[in-house]
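Listed here are the chains, written in short residue letters.
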Amino acid sequence: MTLSVVVVDDEPLIRSGLRAIINAEPDLTVVGEAADGAEVLPVVRRTNPDVVLMDVRMPAVDGIQATRLLLDSLNPAPRVLVVTTFENDDYVYDALRAGASGFLLKRTPPDDIIAAIRTVAGSESLLFPEAIRALALAHVGAQPSRPAGLDAYQLTDREQEVLRLMARGLSNAEIAAELILGLQTVKTHVANVLAKLNARDRTQAVIKAYESGFVPLH
């Protein structure tokens, strides 16, 4: 199975570099490019990619607006992987809250870029969980742990356990081993957590868990 990718960046050199890295892999291919967020939706409609590599800062329409528009307009929508220069950029956290599934630094080594695309496309584990926790800490701030913070979502005890393990970055298989459950049972719990939290994927679920105080940041 080949994973298709759209590359979005206002710098031609960045686009060509990412295209070369991705197309060198037998199971990945770049099917489209865009130089600004305003071009993303038409390109994605035309090419139907699995993953969009989205520059976060662009002159006309930034990556946050483009991500939000993409996910609001398409169902199913591709996974969005934000590409940025600065990991503590406010734009990155806003993009994750808007629905992006993870982020990469532009200086990330090629092998890690490829691994990140595959991880995000597979959607069964959280990309760079410690980096997401650090971003949440910087933006949510120090707060007391409030275990009841997700009570309104009526998660069962088992679903709460699964969410805590998701926040640690464990994959479905690792959660199954940790809780001594069948893999399909874990997948069902994960699906229930996402549905109850109205989260598109694990990243949004974990951010809600941090912001509510359900999973402490310290």
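Calculation notes
Residues numbered from 1 in each chain as written. Predicted model: local features only at pLDDT ≥ 70, side-chain atom pairs only at ≥ 80, totals over all residues. Heavy atoms only, no water. UniProt positions renumbered as here; feature names shortened; annotations may be inferred. Helix = DSSP H or I, 4+ residues; strand = E, 2+ residues; numbered from the N terminus. Buried < 20%, exposed > 50% of the residue type's maximum accessible area, 1.4 Å probe, protein only. Contact = heavy atoms within 4.5 Å. Polar contact = N/O pair within 3.5 Å; in protein donor to acceptor, adjacent residues only side chain to side chain. Salt bridge = Lys/Arg side-chain N within 4 Å of Asp/Glu carboxyl O. Domains from an automatic or database assignment. Buried area = accessible area lost by both parts, 1.4 Å probe. Nonpolar A, V, L, I, M, F, W, Y, C, P; charged D, E, K, R; others polar.

Undergrad: Tell me about the UniProt feature "modified residue: 4-aspartylphosphate" (unreviewed entry) in the protein, and name the residues and values.
TA: The UniProt feature table records "modified residue: 4-aspartylphosphate" (unreviewed entry) at Asp55. With respect to the secondary-structure elements, Asp55 resides in strand S3 (residues 51–55). Judged by its relative accessible area of 2%, Asp55 falls in the buried class. In this structure Asp55 touches Val8, Asp9, Asp10, Gly63, Val83 and Lys106, once residues within four positions along its chain are discounted.

Undergrad: Could you give me a rundown of the side chain of Asp201, with the residues and numbers involved?
TA: Position of Asp201 among the secondary structure elements: in the loop between helix H9 (183–197) and helix H10 (202–212). Within the structure, Asp201 has its side chain in polar contact with the side chain of Ser101 (distance 2.3 Å). Not counting the four nearest positions on each side in its chain, Asp201 is found in contact with Arg79, Ser101 and Leu194.

Undergrad: Quick rundown of the pattern of salt bridges? Include the residues and the values.
TA: Per the stated rule, a full pass over the model turns up 13 salt bridges. Its salt-bridge partner being Glu25, residue Arg118 comes within 3.1 Å of it at the nearest N-O pair. Of this pair, Arg118 sits in helix H5 (residues 110–122) while Glu25 sits in the loop between helix H1 (12–23) and strand S2 (28–34); the two residues are 93 residues apart in sequence, bridging distant segments of the chain. Owing to a relative accessible area of 34%, Arg118 belongs among the partly exposed residues under this scheme. As a salt-bridge pair, Glu159 and Lys196 come within 2.8 Å of each other at their nearest N and O atoms. Separated by 37 residues along the polypeptide, Glu159 in helix H7 (residues 157–167) and Lys196 in helix H9 bring together distant segments of the chain. Given a relative accessible area of 31%, Lys196 falls into the partly exposed group. Through salt bridges with shared partners, one network takes in Asp9, Asp55 and Lys106.

Undergrad: I'd like to hear about the domain arrangement of the protein, residue by residue, with values.
TA: When cut into domains, the protein gives domain 1 (3–122) and domain 2 (145–212). For domain 1 versus domain 2, the distance between C-alpha centres works out to 26 Å. Summed over both sides, the interface between domain 1 and domain 2 buries roughly 680 Å², with carbon and sulfur atoms accounting for 39% of that surface. Applying the counting criterion to the domain 1 and domain 2 interface returns two salt bridges. When the shortest N-O distance is used, the salt bridge between Asp201 and Arg79 registers 3.1 Å. Ranked by residues supplied to the side of domain 1 that touches domain 2, first place goes to helix H4 (residues 90–98) with three residues. When the residues that make up the side of domain 1 that touches domain 2 are grouped by side-chain class, the tally is six nonpolar, three polar and two charged.

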